[in-house]
Amino acid sequence: MTEHKDPVCEMMVEEGTEAGTHTYKGEKYYFCSQSCVERFIQDPEKFLAPHPAPAEMPVHADRKPSNRIKTIVLPIEGMSCASCVAKIEKSLSKLEGVSLANVNFGSEKAVVKYDPGLLDMDDFKLAVSSAGAYNIIDDAGNPDKEVQMRLAAFRTLRLKFIFSTIIAVITMLLGMKDMIPLLQSIPASYNSIINYTMFILTTPVLFWAGEQFFRGAYAEAKHFSTNMDTLIALGTSVAYIYSTAVTFFPVHASAHVYFDTTAWIIALILLGRLLEAYSKGKTTDAIRSLMALKPQTARLIKDGIETEVPVEKVAPGNMLRIKPGDKIPVDGVIAEGSSTIDESMLTGESIPVEKGTDSEVFAGTINASGSFIVKAAKVGTDTALSQIIRLVTEAQGSKAPVERLADKVASYFVPAVIGISIITAVVWYIVTPGHSVSFALTNLVSVLIIACPCALGLATPTAVMVGVGKGAKHGILIKGGESLEKAYGITRVIFDKTGTLTQGKPVVTDVIPVDTDLTTLLSYTVSVESLSEHPLAQAVVKYGNEHNARIKHVDGFKSLAGVGVSGMVDGNTVSAGKPVDGTGKDLSMQGKTVLVVTINGKVSGIIGMQDIPKRDAQQAISGLKLAGIKIAMITGDNRDTASAIAARLGIDDFQAGVLPGGKAEAVKYYQQRGDKTAMVGDGINDAPALTTADLGIAIGSGTDIAIEASDITIISGELTSVGKAIKLAQATMKTIRQNLFWAFFYNIIAIPVAAGVLYPFFHILLNPVIAAFAMAFSSVSVISNSLRLKGTRV
């Protein structure tokens, strides 16, 4: 047989087995897949130009390491089962410069971390195609193109299923003619004609509707490998070849044919693939909804003229007009005007946020009211929304540690099933009276068809995709399957205090006049403090403004570091500073900072300030306690301050006076006591503790999130989301365990039954058609169970 090299993917294609051909400049070219044909037709010269590298894998002597690591997500087509995952991962991992290659069967994507100085997209395409009948979808960065290609594939699959089902019904009726009143009148002498008719009808089902299984099996065989397509191709071929032989070379008139079995197997497996494709689409709803937030155009202001331009044309520094109802196209700062912005897509918070001059705004958020001008700061892939989409996409393509076990089992699964099917056929041929080929064949086909590594391969990634997607919709960014597994079984949550449990800035809590009235005390104090930049002074001024305090002229203002401020107001000497004689001790014992105000040297007022808890802190702590999770707090503050906050929030276990470097040691202390810990912090100062804990949770905004240090990031800053994240992780891991149990249990039970172990005892023999239905149902049931996570309340 003559072999030709596919000019696109460089795979060898045997003449007669090609997926398509194309003649260019008088030369005929052969292709392994239709996608290769289409890519060649678009730009033949690109693929016919001399290739500088060897045929097996490109070697680029002129490239040098960049000492940078870049992450890329590659949509892959052609995977049929979990065993495909290991092959593609192995091929990608062989590339020099690849530090990590994770292939997710559920999302049909590969997440690759690599050195951009050593590799480019052509290298990835060649590595993927050389692993088998797989391709990277072109325009990987264009989600619309990817959706269109998957939709086209879905429609083709649906057409093949409908055709196969119609033929399967017709061949079944012809095969059962003796049991159907309308067909009973057909004489037995017509049996050979009926068999010929069934042969003609079934042939296009096998070789057109089922061609993808044969193409996949052949591609695997060329690499001395197997996958799910191998089992289907073998099972249907055996039934078809046996029936064809009986039809054209009949041994006796009553010989049974299995054309209807072949047609039904193809139809039911296509139904399974159809439902699988539909369900996989549902698991990525979160990504599509995030992508739908991206505006397509922007109103660019240049030389006073507003022009609507594609958002890709916007550059940092450009001025853009935002009108009511508009989606903001970029991250930026309001240069002119004010409005209320719906940031629910970013934070999960449904209440619109007031924005004015110099306020930050983010791409994808919605301008609820008002018109303003924004100065672009971050555009394109640098926006917070794009970063979130990238992180969620990478997370959905990641693997949980438990998934690697399923992948390993799947890699050995298909060869084992082929061996079991052959042994089954041989044993039944030997033990049955008259050495029944038909009996042995039925069991062989049933074993090949019922085996399902697909359920194993889908058990974890589908649950991870739904869990990560649901988290994203609630403002919870989960790094991936490993982070979900870490969050499962957390026994203690450790909170940083300042900026995490509290607002991170002082707030006036008490104003106590002494020998003066409140109005005078506030007016004099705010007047002198308004000239200071100290955070305590700013807290006093903010309080005064909220209570309409009158700010007066100050003469002779002085500020002494560590002491306080003073000045002349209305001819009176006013000073505000820390107590020196125990004044305000009651407030100090409550963990508050005390400011003593004197007028003309006499104590005239006491002001208490405190970094107060966030509004949802107590609710978050209570929720975690109700879930049976222990709480601890770590802070660098003194014990009195820490004790006051802990008592207010209902925290019994806390450590005070802990420096940032000592927080990691504090986490280890709880781990040594047997706790599985989650550390919650701002993700910057707490980075060492976040990485030390079993699970790191960063509290931050969409533009200030410590992704590298944490496993989970709460974009909204809502503390109640900590409990939501842990609850979601528990629900996801529970679903994964259910899926894996079902997948393993199904195969442990189904394969022996298909092999006929029940026949000697109960005379139960599994029909290959029922086996095909069971196989399809197993995959769909696993995906359906994962989709139930969408309804989980968090």
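Scoring rules and cut-offs
Residues numbered from 1 in each chain as written. Predicted model: local features only at pLDDT ≥ 70, side-chain atom pairs only at ≥ 80, totals over all residues. Heavy atoms only, no water. Pairing = 2+ DSSP bridges. Helix = DSSP H or I, 4+ residues; strand = E, 2+ residues; numbered from the N terminus. Axes fitted to C-alpha atoms, helices over the stretch in contact; angles between N-to-C directions. Contact = heavy atoms within 4.5 Å. Expected span 1.5 Å × (residues − 1). Buried < 20%, exposed > 50% of the residue type's maximum accessible area, 1.4 Å probe, protein only. Core = buried A, V, L, I, M, F, W, Y, C linked by side-chain atoms within 4.5 Å. Parallel < 35°, antiparallel > 145°, perpendicular 65-115°, else oblique. Left-handed = near helix turned anticlockwise from the far one by under 90°. Nonpolar A, V, L, I, M, F, W, Y, C, P; charged D, E, K, R; others polar. Salt bridge = Lys/Arg side-chain N within 4 Å of Asp/Glu carboxyl O. pLDDT = per-residue confidence, 0-100.

Undergrad: Looking at this structure, how should I read the sheet that holds strand S24 (residues 593–599)?
TA: Within a sheet, adjacent strands bond to each other through the backbone by hydrogen bonds, running parallel or antiparallel. Taken together, the six strands give an open sheet; going across it, the order is S20-S25-S24-S23-S22-S21, and neighbouring strands pair in antiparallel fashion. The strands lining the two open edges of the sheet, one partner per strand, are strand S20 (507–513) and strand S21 (555–560). If you compare each strand with its neighbour and ignore which way they point, the axes differ by 15° on average. Direction of pairing for S24 relative to strand S25 (residues 602–610): antiparallel, over a ladder of seven bridges. Within the sheet, the bridge partner assigned to Thr 598 lies in S25 and is Val 603. Against the sheet, helix H18 (residues 518–529) makes contact with S20, S21, strand S22 (564–569), strand S23 (572–577), S24 and S25, and its axis sits at roughly 110° relative to S22, the strand it touches most. Along the sheet face, helix H19 (residues 535–546) touches S20, S24 and S25 and points at about 70° away from the line of S20.

Undergrad: How should I be thinking about H19 in this particular structure?
TA: Because the α-helix completes a turn every 3.6 residues, residues three or four places apart line up on one side. With 12 residues, H19 ought to run about 16 Å at 1.5 Å a step, and its terminal C-alpha atoms sit 17 Å apart, in line with that. Turning to H19, its buried residues are Ala 537, Ala 539, Val 540, Val 541 and Gly 544. Looking at the buried side of H19, the elements it contacts are S20, H18, S24 and S25. Of the residues one or two after H19, Asn 548 is the one with positive phi, at around 60°.

Undergrad: Is there a simple way to explain the nonpolar core in this structure?
TA: Where a protein is soluble and globular, its nonpolar side chains tend to be buried together. In this structure, Leu 92, Phe 124, Val 493 and Phe 495 are the most contacted members of the largest nonpolar core, which totals 74 residues. Membership of the second largest hydrophobic core comes to 55 residues, among which are Ile 194, Ala 263, Ile 266 and Trp 428.

Undergrad: I would appreciate a short explanation of the packing of H18 against H19 in the present structure.
TA: Between two packed helices, what matters for the description is the angle formed by their axes and the separation of those axes. The contact between H18 and H19 brings their axes to 9 Å, and the two run at 135°. As the angle between them shows, H18 and H19 are arranged oblique. Of the two possible hands of crossing, H18 and H19 adopt the one that is left-handed. For the pair H18 and H19, contact is made by Leu 522, Thr 525, Val 526 and Glu 529 and by Ala 537, Val 540, Val 541, Tyr 543 and Gly 544, respectively. Considered class by class, the residues forming the contact of H18 with H19 number six nonpolar, two polar and one charged.

Undergrad: Would you take a moment to explain the pattern of salt bridges for this structure?
TA: Think of it this way: side chains of opposite charge can pair up when their charged atoms draw near. Per the stated rule, a full pass over the model turns up 17 salt bridges. Here Arg 299 and Asp 326 are joined by a salt bridge, their closest N and O atoms 2.2 Å apart. Of this pair, Arg 299 sits in strand S9 (residues 297–302) while Asp 326 sits in the loop between strand S11 (319–322) and strand S12 (331–337), placing them 27 residues apart in sequence. Since its relative accessible area comes to 16%, Asp 326 is described here as buried. In this structure, Glu 546 engages Lys 542 in a salt bridge whose closest nitrogen and oxygen atoms are separated by 2.7 Å. Here Glu 546 pairs with Lys 542, and both are found in helix H19, just four residues apart, close to one helical turn. Look at the salt bridges and you will find they share partners, linking Arg 492, Lys 630, Asp 653, Arg 673 and Asp 675 into a network.

Undergrad: Explanation requested: the packing of helix H14 (residues 437–450) against helix H25 (residues 720–755) in the structure shown.
TA: Two elements in contact, H14 and H25, have axes whose closest approach is 8 Å; the angle formed by their N-to-C orientations is 165°. On the basis of their axis angle, the class for H14 and H25 is roughly antiparallel. The way H14 lies across H25 gives a crossing that is right-handed. Between H14, through Asn 443, Ser 446, Val 447 and Ile 450, and H25, the contact on the second element is made entirely by Tyr 746, Ala 750, Ile 751, Ala 754 and Ala 755. Of the residues in the contact of H14 with H25, the class split is seven nonpolar, two polar and no charged.

Undergrad: I keep staring at the sheet that holds strand S18 (residues 476–478) and nothing clicks. Help me out?
TA: One open sheet holds the seven strands; their spatial order is S18-S30-S29-S28-S19-S26-S27, and the pairing between them is mixed. Only two strands of the sheet have a single partner each, and these edge strands are S18 and strand S27 (653–655). Averaged over all pairs of adjacent strands, the angle between strand axes in this sheet comes to 20°, irrespective of strand direction. Sheet topology note: the strand S29 (residues 695–699)/strand S30 (residues 712–714) ladder contains three bridges and is parallel. Directly across from Ala 698, in S30, lies its bridge partner Thr 713. Strand contacts of helix H22 (residues 639–649): strand S26 (630–634) and S27, with the helix running at about 155° to S27, the strand carrying the most contacts.

Undergrad: Looking at this structure, how should I read the confidence of the model for the chain?
TA: If pLDDT is low for a region, its predicted coordinates should not be looked at in detail. Mean pLDDT over the chain works out to 81, with 82% of the residues at or above the 70 mark. Here residues 51–57 scores under 50 on pLDDT; set against residues more than four positions off or in separate chains, the count is 11 contacts. Below a pLDDT of 50 lies the segment residues 702–706, which in the model reaches 14 contacts outside its immediate sequence neighbourhood of four places, other chains included.

Undergrad: I keep staring at the pairing of S22 and nothing clicks. Help me out?
TA: Along any regular strand, the residues point their side chains to alternate faces of the sheet. Burial of the side chains of S22 is restricted to one face: Val 565, Gly 567 and Val 569 are buried, whereas none of Gly 564, Ser 566 and Met 568 on the reverse face is. Inspection of the sheet shows S21 paired to S22 by four bridges, in the antiparallel sense. Looking at the pairing, Lys 558 lines up with Ser 566 of S22. In this sheet, S23 lies alongside S22 in antiparallel orientation, the contact comprising six bridges.

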